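# Working through the structure, step by step
Each chain, written out:
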Amino acid sequence: MKKRYLIGNLKMNILSVEDTEQYLSVFRREMKGKKQESTVTVIAPPFPYLERFHKELPENAALGAQDVFWEKEGSYTGEVSYPMLKDIGTEYVIVGHSERRQYGRETDEDVARKVQALLKGNLRPVICTGETEDERRRGETAAVLEAQLRGALEDLSPMQAEKILIAYEPRWAIGTDRTPESEDILEAKVIIYRMVAAAYGAAVAERIPILYGGSVKASLLDRVCFSAQMDGVLVGRESLFPYEVAKMADIIENYQAPERREGKPEEG
Ligand code: PEP
């Protein structure tokens, strides 16, 4: 069964050990005894709290990081490498987030190098892609997604390609409380799916989870995830409320698709 993913990106929030403990204690309480057979719930806290999250996350949740550097070690002041993340229990790493592209000047080439590094370290990259509002208005969504993903999808073995996750995050929907229609999200999924299928074949493409991100909350899961045939969601602000993460994990786990065709978006 293809799993669905719920990834909480805490961004640069949670400012103290005390906040961290409080988050974890509520999260543990809310996740207690929850069946997570078809859902993978991941929390990506800021770097300084990764280890504490690793030690105290409930068993039915996994640890994510919000970025990584592409080199393994050396004179790269301020950077964090994949062996360091791996060593403290990280399994998933977000790369190419629009905020890193904007404030960290991260380029598509950087994203590609980070993906290679993560795969070398046996970590799973969550590659973010998405168009701006102007690009969308100009009908450039497909071209933007293709340009952003091309480098990251190059030079992978099919086995490596199966380890990646891709998050479609239209930039205009992040932090804005605006969300696209289900059809628009599905259209983006088809673009991404076709790109992966062209590079690695349909069998590999069907195994790569394609998530939606941008102003997600529990009440919108039907629109942005289920109706849009997405394989999960990447959640920013709403993941700061651990009980909301647990609620979404429940909804996703218990969702029954009317006639879900295993992983393959309906084309046309
Ligand atoms: C994000 O930062 O990836 C995100 C989706 O944020 P928000 O849910 O706050 O829009």
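Before any of the text, the structure's been laid out above.
The structure reproduced in this document is the subject of the present report. Numbering of residues starts from 1 in each chain and follows the order in which that chain's sequence is written. Confidence filtering applies because this is a predicted model: local features only for residues at pLDDT of at least 70, side-chain atom pairs given and counted only at 80 or more, and all residues used for totals across whole chains, interfaces and linings. Excluding hydrogens and water, the side-chain figures rest on all heavy atoms present in the structure.

### Structural notes on the pairing of strand 3 (residues 62–65)
In summary, the side chains of a regular strand alternate between the two faces of the sheet. The criterion, for reference: Under the scheme applied here, a residue whose accessible area is under 20% of the maximum for its type counts as buried, over 50% as exposed, and between as partly exposed, the area being computed with a 1.4 Å probe on protein chains only. Helix and strand assignments follow DSSP, with helices taken as H or I runs no shorter than four residues and strands as E runs no shorter than two, numbered in order from the N terminus. Pairing between strands is defined by DSSP: at least two bridges between them are needed. Look down the strands so they point away from you; if the path from the first strand over the helix to the second goes clockwise, the crossover is right-handed.
Side chains Ala-62 and Gly-64 project from strand 3 onto one buried face, and the interleaved Leu-63 and Ala-65 project onto a second face that is buried too. Where strand 3 lies against strand 4 (residues 92–95), two bridges are found, and the strand directions are parallel. Across the sheet, residue Gly-64 finds its bridge partner in strand 4, namely Tyr-92. This β-α-β element, strand 3 to helix 3 (residues 82–87) to strand 4, shows right-handed connectivity.

### Regarding the pairing of strand 6 (residues 165–168)
Of the two faces of strand 6, the one holding Leu-165 and Ala-167 and the one holding Ile-166 and Tyr-168 are both buried throughout. As judged from the four bridges shared by strand 5 (residues 124–129) and strand 6, these two strands associate in the parallel manner. Note that in strand 6 the partner of Thr-129 across the bridge is Tyr-168. Here strand 6 runs beside strand 7 (residues 210–213); their pairing, made up of three bridges, is parallel. Its bridge partner being in strand 7, Tyr-168 is matched across the sheet by Tyr-212.

Treat this as a map of the structure, not an account of what it does.
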